[in-house]
Amino acid sequence: MQAFEATNHYFDQAARCLDLSDNVRTLLITPDREVRVEVVIELDSGDIGNFIGYRVQHDNARGPYKGGLRYHPQVDDDEARSLASLMTWKTAIVDLPYGGAKGGINCNPNKLSRPELERLTRKFIEKIHDMIGPYKDIPAPDMGTDAQVMAWIMNEYSKYEGFHPACVTGKPVEFHGSAGREAATGYGVAIITREVLARLNRTIAGTTFAIQGYGNVGSYTARCLSHLGGKIIGVSDAYGAAINREGLDIAELDKHVAKSHKIVGFQGGDAVTNDQLLTMPVDVLIPAALGGVFDCEMAKAVSAQVIVEAANGPTRPEADEVFNSRGIVVVPDVLANAGGVIVSYFEWVQNLQHFRWPLEQIQREEELRLVDAFRKMYELAERKGVTLRTAAFMKAISRVGRAHILGGM
Ligand code: NAD
């Protein structure tokens, strides 16, 4: 099953509980617009670099399209479609006045120099600037992109459309960004983890965690959980994994990663493979890297009792069935990693008002929205006897469907 089909599978599980008609189903799952552009740049070597970029705008019934830009070798139209759809449901679950979009460029950012990445980003925006904008579609960071890339996007967009810092979020704090945006997704993952553990009569302190992926989301999740007393006993990145059953020293790990840009070689833990990390005995497993990580076999081998999906789409539908039948609690991506888009929304609001909020206010408001959405999802799941994922989709589909009805055709 490809990524978009998997997302629609989850959609359908919820749609069946809501008794949606076929026409409404088609309206809600079909992306509004899909764009594929050729992005050609001159490489540092003088050669020509050929790349393909995508932007999928899924639904804007509740507000402008909103979603990240991913630079990764697996980026394609199916992945962008799936992630754009997830954004529609995500923004609805946390009740933001946005729709959903996603995009990216098929490339390996680790093999491109900073100047090459800048040329690539600027050329991509040259091609799609007319379809994005503060009230149209607002990109943000995702895998392989960061605050610097967002700064280039804002600057390039301004060449065509004038000064509009709200055209993109996740910018550097000193360049129209928001306090708390860089940490927002990981901070939110930690809050959601605290909430699900509380429902299981547990606390972060005294609980063990393994985290797959140590980029923006994975590393901030580790720092926040560790700060709250959690024991991080395993982490991984694209190159390898490190475990320490006594708990990894996250501050030391950060120093190591800052120097060597990978986990491999960290002296404070034992080296294991990525698969070993996913199946190690641990209380909570947090995928924070790619999609499609859990297939049926992997789901059978996982030892954790709770999975918090910090990554987008880490669980294939057949793995979801296995987790459910094994009684493993899965907190779905559409809520678990929604902290990022919540603070993106705060950044957008601040940009539109040309005003700045302090970090404490941002974190307080992020927490309020996440806790409220978690409570509603959890209680709906209990009331209807469905999984947390189905409850989350039910809530989101109802809100997006209602917006379509109120707005009219
Ligand atoms: P990132 O590029 O900053 O980091 C990705 C990390 O995953 C890196 O450490 C990389 O080495 C690792 N990785 C890649 N392939 C791996 C593999 N096969 N096994 C183990 N690790 C691997 O990306 P990010 O922004 O942290 O995004 C991670 C996930 O979180 C993605 O699924 C993304 O869609 C999702 N997400 C990100 C945000 C955000 O604000 N950045 C918001 C919501 C969701």
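Read on for a plain summary of the structure. These figures come from a predicted structure and were not determined experimentally.

1. A word on empty space enclosed by the protein
Line of reasoning, step 1. Per the stated rule, a full pass over the model turns up 1 cavity of 30 Å³ or more.
Line of reasoning, step 2. Volume-wise, the largest cavity comes out at about 30 Å³.
Line of reasoning, step 3. Around the largest cavity sit Ile93, Ala373, Lys376, Met377, Ala392, Lys395 and Arg399, which together line it.
Line of reasoning, step 4. Elements that contribute at least two residues to the lining of the largest cavity include exactly α14 (359-384) and α15 (388-407).
Line of reasoning, step 5. A breakdown of the residues in the lining of the largest cavity according to their chemical character gives 4 nonpolar, no polar and 3 charged.

2. Regarding the sheet that holds strand β9 (residues 270-272)
Line of reasoning, step 1. Pairing in this open sheet of 7 strands is mixed, and the strands run β9-β8-β7-β6-β10-β11-β12 from one edge to the other. One side of each edge strand has no neighbouring strand; the edge strands of this open sheet are β9 and β12 (329-331). Here the average twist between neighbouring strands, direction ignored, is 20°.
Line of reasoning, step 2. The pairing of strand β6 (residues 208-212) with strand β10 (residues 284-287) spans 4 bridges and is parallel. For Phe209, the partnering residue across the bridge sits in β10 and is Val284.
Line of reasoning, step 3. Against the sheet, helix α7 (residues 216-227) engages β6, β7 (231-237) and β10, with an angle of about 170° to β6.

3. Considerations on the pairing of strand β5 (residues 137-141)
Line of reasoning, step 1. Of all 5 residues in β5, 4 are buried, a share of seventy percent or more.
Line of reasoning, step 2. Where strand β3 (residues 65-72) and β5 come together, 5 bridges link them in parallel fashion. From the neighbouring strand, Lys66 faces β5, where its bridge partner is Ile138.

Conventions and cut-offs
- Position numbers for residues start from 1 in each chain and track the written sequence from start to end.
- Under the rules for a predicted model, residues below a pLDDT of 70 receive no local features and side-chain atom pairs below 80 are neither given nor counted, while totals for whole chains, interfaces and linings still include all residues.
- Hydrogens and water molecules were not included; the side-chain quantities draw on all heavy atoms of the structure.
- Using a grid of 1 Å spacing that covers the protein atoms alone, one calls a set of points a cavity when a 1.4 Å probe fits there but cannot get out, and a pocket when the set is open and has protein on both sides within 12 Å along at least five of seven lines; lining residues are those with an atom within 4 Å of a point.
- Grid points are joined across faces, edges and corners, and a volume is the space filled by probe spheres set on the points.
- The helix count covers DSSP runs of H or I at least four residues long, the strand count covers runs of E at least two residues long, and both are numbered beginning at the N terminus.
- In this classification, the charged set is Asp, Glu, Lys and Arg, the nonpolar set is Ala, Val, Leu, Ile, Met, Phe, Trp, Tyr, Cys and Pro, and all remaining amino acids, among them Gly, are polar.
- For two strands to pair, DSSP has to find at least two bridges joining them.
- Axes here mean lines fitted to C-alpha atoms, for a helix over just the part in contact, with angles spanning 0 to 180 degrees between N-to-C directions.
- Whether two residues are in contact is decided by their heavy atoms, any of which lying within 4.5 Å being enough.
- Throughout this description, buried means an accessible area under 20% of the type-specific maximum (1.4 Å probe, protein chains only), exposed means over 50%, and partly exposed covers the range between.

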